[in-house]
Amino acid sequence: MRKKIIVISCGPGLDEVKEEYGHSYQWVQNQSNADNIDFFQYNAYKGLFPNIEEGSAWIITGSAKSAYEDLEWIVELEILIKRAYEVQKPILGICFGHQLIAQALGGVVEKNKKGWELGSSTITFNKRGLSSPIFKNILNEDYFYMSHQDVIMQLPNYAIELAFNNMGNQAYSIGDFIYGVQFHPEFSYEVAKTYADIRYEKGMIDSKLKILESKTSGKVINNFITNLKGNL
């Protein structure tokens, strides 16, 4: 049986990146090597959302917006996430998606007082993270691509932290069907470098960053699609 994966896009992306490398929707697909998957996209930032029954699983992307902004589409997506939780819809949240899921289910998201986390970073997996199916075949010492300035200050009561670093939470799970990762498993090295360079050129950070290549972080997306339990 073929699986239908819904990618819920939360922003158009930077023009400079799209012109060269395409959209994050395409990057998500590129990280999957399963041959029984059909991908579909809904642009939530344009007010377009899937029905709760639609899709075997959802992947919620990053965004230039913040989860705590009072925008109609963000509020609507929060409501949809709450309904998805009730029916145990498998969801993977990436960056903004990771933050919005946490906020929708009772967590707290704020602008990080430590500033931007950009480029490539290491993270620490706790015991739960090391045994989680979402991190199967992920190298502990690998680098992970970052592009965000918000952070989850408080996880929902029933969320389990899986990974962190000095900037804050980097991954969590809720049951065996919802996962959030602060980093970008869909990014390529080139995309991560371009994002960091643009932030530098626009004066958002003080110095140009050296980006270190991630060898395994992209496996998170394939792990979510192929290895999870629940309704998937």
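Data block above holds the structure.
Every value quoted in this text rests on a predicted model; they were computed, and no experiment measured them.

The rules we used
- Residues numbered from 1 in each chain as written.
- Predicted model: local features only at pLDDT ≥ 70, side-chain atom pairs only at ≥ 80, totals over all residues.
- Heavy atoms only, no water.
- Pairing = 2+ DSSP bridges.
- Helix = DSSP H or I, 4+ residues; strand = E, 2+ residues; numbered from the N terminus.
- Contact = heavy atoms within 4.5 Å.
- Axes fitted to C-alpha atoms, helices over the stretch in contact; angles between N-to-C directions.
- Expected span 1.5 Å × (residues − 1).
- Buried < 20%, exposed > 50% of the residue type's maximum accessible area, 1.4 Å probe, protein only.
- Core = buried A, V, L, I, M, F, W, Y, C linked by side-chain atoms within 4.5 Å.
- Polar contact = N/O pair within 3.5 Å; in protein donor to acceptor, adjacent residues only side chain to side chain.
- 1 Å grid on protein atoms, 1.4 Å probe; cavity = no way out; pocket = protein on both sides within 12 Å on 5 of 7 lines; lining within 4 Å.
- Points joined across faces, edges and corners; volume = space filled by probe spheres on them.
- Salt bridge = Lys/Arg side-chain N within 4 Å of Asp/Glu carboxyl O.
- Arc of directions from axis to C-beta.
- Disulfide = S-S within 2.5 Å.

(A) Structural detail: the sheet that holds strand β2 (residues 37-43). Pairing is mixed in the open sheet, where 8 strands are placed in the order β2-β1-β3-β4-β12-β11-β10-β7. Each of the sheet's edge strands pairs with one partner strand only, and the pair in question is β2 and β7 (124-125). Of the strand pairs in this sheet, β7 and strand β10 (residues 160-165) are connected by 2 bridges, and their pairing is antiparallel. From the neighbouring strand, Thr124 faces β10, where its bridge partner is Phe164. Sheet strands touched by helix α4 (residues 96-104): β3 (57-60), β4 (91-94), β11 (168-174) and β12 (178-181). Its angle to β4, the strand with the most contacts, is close to 120°.

(B) Inspection of helix α6 (residues 189-201) at higher detail. Taking 1.5 Å as the rise per residue, α6 with 13 residues should run 18 Å; its terminal C-alpha atoms sit 18 Å apart, in good agreement. The set of residues buried in α6 consists of Val191, Ala192, Thr194, Tyr195, Ala196, Asp197, Ile198 and Arg199. Here the buried face of α6 lies against α1 (15-21), α2 (24-30), β6 (117-121) and β8 (144-148). Of the residues trailing α6, Gly203 is marked for its positive phi of about 80°.

(C) Layout of the nonpolar core. Counting 30 residues, the largest nonpolar core has Trp58, Ile60, Trp73, Leu77, Ile81, Ile101 and Tyr172 as the members making the most contacts within it. Listed by contribution, the elements that provide at least two residues to this core are β1 (3-9), β3, α3 (72-86), α4 and β11. Of all the elements, α3 adds the most residues to this core, at 6 residues. Cys95, Ile123, Ala171 and Phe224 belong to the second largest nonpolar core, which has 28 residues in total.

(D) Structural view of the environment of Ser131. Following the sequence through the fold, Ser131 ends up in helix α5 (residues 127-131). When its relative accessible area of 57% is taken as the criterion, Ser131 is described as exposed. Distance from Ser131 to Arg83, taken between C-alpha atoms, is 28 Å for residues 48 residues apart in sequence. Here Arg128 takes part through its backbone oxygen, which lies 3.2 Å from a polar atom of the side chain of Ser131.

(E) Structural detail: the layout of surface pockets. A volume near 540 Å³ is recorded for the largest pocket. Lining of the largest pocket is provided by 31 residues; of these, Gly62, Ser63, Ala64, Tyr195 and Arg199 occupy positions nearest its centre. For the lining of the largest pocket, the secondary structure elements donating two or more residues are α1, α2, α4, β8 and α6.

(F) View of the pattern of salt bridges. In the structure shown here, the tally under the stated rule is 5 salt bridges. Between Lys18 and Asp15 there is a salt bridge, with the nearest N and O atoms lying 3.8 Å from each other. Placement of the pair is Lys18 and Asp15 together in helix α1, with a separation of 3 residues, close to one helical turn. The exposure class of Lys18 is partly exposed, given its relative accessible area of 31%.

(G) View of the pairing of β6. Most of β6 sits out of view: 5 of its 5 residues are buried. As defined by bridge partners, β6 adjoins β8 across 5 bridges and the pair is classed as antiparallel. Note on β8: the bridge partner recorded for Ser120 is Tyr145.

(H) Here's a closer look at α3. Look at α3: 22 Å from first C-alpha to last across 15 residues, which is about the 21 Å you get at 1.5 Å a residue. Along α3, the residues classified as buried are Trp73, Ile74, Leu77, Glu78, Leu80, Ile81 and Ala84. Seen end-on, α3 carries its buried residues on one side only, within an arc spanning 165°. Residues of α3 that are exposed and point over 90 degrees away from its buried face: Glu72 and Glu86. As for α3, its buried residues are in contact with β1, β3, β4 and α4.

(I) Spotlight on the state of the cysteines. Per the counting criterion, the structure on display carries 0 disulfides. Cys10 takes part in no disulfide bond, and the closest cysteine sulfur to it belongs to Cys95, at a distance of 10 Å. On the accessibility criterion, Cys10 (1% relative accessible area) is buried. We classify Cys95 as buried; its relative accessible area is 5%.

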